[in-house]
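# Descriptive analysis of the structure
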Amino acid sequence: MSVEAVLSRISEIRSQIDTLRGGSAAATSSSSSAGSTSASSSAFADALATATGNTGTGTATAAAAAAATTSSAPATSVDAGAGTLATGSGATGADVVADAKKYLGVPYVFGGTTTAGMDCSGLVQTVFKDLGVTMPRVVPDQAKMGVEVGSLKDAQPGDLIIPKGEGHVVIYVGDGKVLHAPRPGKDVRIVDNWYSDADIATIRRIVPAQASATPATTATTAASSATDLQTAALLSMMQSGSAA
């Protein structure tokens, strides 16, 4: 392959890369132009497959890269719901723990939801309200919210632990400890978790355990990754042209 041919091919592939990054394809004006584009696409796919070690799947890889850059952001919500995380407020499990610690020392008052006094579910509802997340008021309803965590070994700070009978709720703070409003005569405190998996009705994660990348960051990362693969494909084609 001559140098002129290699440069011409690179120009065609660059055009295709620009099309992929823009999320739209340019229409061809003639059968000869369509044939040239098809050949370039095939060459690009083959080079991309060689560069990534996925011989025979270049077209699929290129399509996946293009799809990654145009994926839509997941739906968000600030209302706790069954089977879903409340991601709309941006709060994480660490935020739940940090906010709950503000209420350490508040006396237990049945039905209470303020610093004058609160019960176990009132504490949980108030903490999530502080973070912009709407939660039900009583334990049986709170026990249906969020996504279920399989066992204590999988629990993360900010998860809710509800024992069998659903008569109490505690906030897991990590390192085998929980934060809760115990009973009349006691105040909000952190203690060693005394529940075993056999004692627990459910463990619920209401908000993400950790902060996730923003849609813009995710799209930028995906685009950067796709560009790296495309550059590798170009280099592979240039090396093939030089060896010809």
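What counts and how
- Residues numbered from 1 in each chain as written.
- Predicted model: local features only at pLDDT ≥ 70, side-chain atom pairs only at ≥ 80, totals over all residues.
- Heavy atoms only, no water.
- Helix = DSSP H or I, 4+ residues; strand = E, 2+ residues; numbered from the N terminus.
- Phe/Tyr/Trp six-rings, centres within 6.5 Å; stacked < 30°, edge-to-face > 60°.
- Buried < 20%, exposed > 50% of the residue type's maximum accessible area, 1.4 Å probe, protein only.
- Pairing = 2+ DSSP bridges.
- Axes fitted to C-alpha atoms, helices over the stretch in contact; angles between N-to-C directions.
- Left-handed = near helix turned anticlockwise from the far one by under 90°.
- Contact = heavy atoms within 4.5 Å.
- Nonpolar A, V, L, I, M, F, W, Y, C, P; charged D, E, K, R; others polar.
- pLDDT = per-residue confidence, 0-100.
- Polar contact = N/O pair within 3.5 Å; in protein donor to acceptor, adjacent residues only side chain to side chain.
- Salt bridge = Lys/Arg side-chain N within 4 Å of Asp/Glu carboxyl O.

The phi torsion at Glu 166 lies on the positive side, around 50°, for a residue other than glycine. Along the chain, the position of Glu 166 falls in the loop between strand E4 (160-163) and strand E5 (170-174). The phi angle at Asp 175 is positive, at roughly 55°, despite the residue not being glycine. Within the secondary structure, Asp 175 is located in the loop between E5 and strand E6 (177-180).

The final tally for this structure, using the stated rule, is 1 aromatic pair. On the basis of an interplanar angle of 40° and a centroid distance of 4.5 Å, the ring pair of Trp 194 and Tyr 195 is categorised as tilted.

With that settled, the discussion passes to the pairing of strand E8 (residues 200-205). For E8, a buried count of 5 out of 6 residues is recorded, marking the element as mostly surrounded by other parts of the structure. Bridge analysis of strand E3 (residues 147-149) against E8 gives 3 bridges, and the strand direction is antiparallel. Note that in E8 the partner of Glu 148 across the bridge is Arg 204. Relative to E8, E4 runs antiparallel, the two sharing 4 bridges.

Before going further, it helps to examine the packing of helix H4 (residues 93-100) against helix H5 (residues 120-130). Interhelical geometry of H4 versus H5 gives an angle of 115° and a closest axis separation of 9 Å. Judged by the sense of rotation from one axis to the other, the crossing of H4 with H5 is right-handed. Between H4 and H5, the residues in contact are Val 96, Asp 99 and Ala 100 and Val 127, Phe 128 and Asp 130, respectively. Per-class residue counts for the contact of H4 with H5 are 4 nonpolar, no polar and 2 charged.

On to the environment of Tyr 172, then. Considering the arrangement of structural elements, one finds Tyr 172 in strand E5. Taking the C-alpha atoms as reference points, Tyr 172 and Val 96, 76 residues apart in sequence, are found 9.5 Å from one another. The residues contacting Tyr 172, other than those within four sequence positions of it, are Val 97, Ala 155, Gln 156, Pro 157, Gly 158, Asp 159, Ile 161, Lys 177 and Val 178.

The next subject is the environment of Leu 85. The topology assignment puts Leu 85 in the loop between helix H3 (58-69) and H4. Judged by relative accessible area, which is 27%, Leu 85 ranks as partly exposed. A sequence separation of 121 residues divides Leu 85 from Ile 206, and the C-alpha atoms of the two residues are 5.4 Å apart. Non-local contacts of Leu 85, meaning those with residues more than four positions away in its chain, are made with Val 147, Arg 205, Ile 206, Val 207 and Pro 208.

Right, let's get into the sheet that holds E8. In a beta sheet, neighbouring strands pair by backbone hydrogen bonds and run either parallel or antiparallel. Spatially, E3-E8-E4-E5-E6-E7 is the arrangement adopted by the 6 strands of the open sheet, whose pairing is antiparallel. Strand pairing shows two members of the sheet lacking a second neighbour, E3 and strand E7 (189-192), which therefore form its edges. Across the sheet, the axes of successive neighbouring strands diverge by a mean angle of 40°, strand direction being ignored.

Overall, the predicted model of the protein chain reaches an average pLDDT of 78, with 61% of residues at or above 70. Across residues 24-34, confidence stays below pLDDT 50; counting only partners more than four residues off in sequence or on other chains, it has 6 contacts. This stretch, residues 65-75, has a pLDDT under 50; its non-local contacts, to residues over four places away or in other chains, come to 8 contacts.

Let us now look at the side chain of Arg 205. With respect to the element layout, Arg 205 can be found in strand E8. A relative accessible area of 17% places Arg 205 in the buried class. Polar contacts involving the side chain of Arg 205 include one to the main-chain carbonyl oxygen of Asp 154, which spans 3.2 Å. Beyond its immediate sequence surroundings of up to four residues, Arg 205 is in contact with Leu 85, Gly 146, Val 147, Val 149, Asp 154, Ala 155, Gln 156 and Asp 159.

Moving on, we come to the pattern of salt bridges. The full count for this structure, using the stated rule, is 7 salt bridges. Between Arg 137 and Asp 119 there is a salt bridge, and its shortest N-O distance comes to 3.2 Å. Note that Arg 137 is positioned in the loop between H5 and helix H6 (139-142) and Asp 119 in the loop between strand E2 (117-118) and H5, a separation of 18 residues in sequence. For Arg 137, a relative accessible area of 25% puts it in the partly exposed group. By relative accessible area, Asp 119 is classed as buried at 5%. Measuring nitrogen to oxygen at the nearest pair gives 2.9 Å for the salt bridge that ties Asp 159 to Arg 205. Here Arg 205 lies in strand E8 and Asp 159 lies in the loop between E3 and E4, a separation of 46 residues in the sequence. Across the pair, Arg 205 and Asp 159 agree in class, each one buried.

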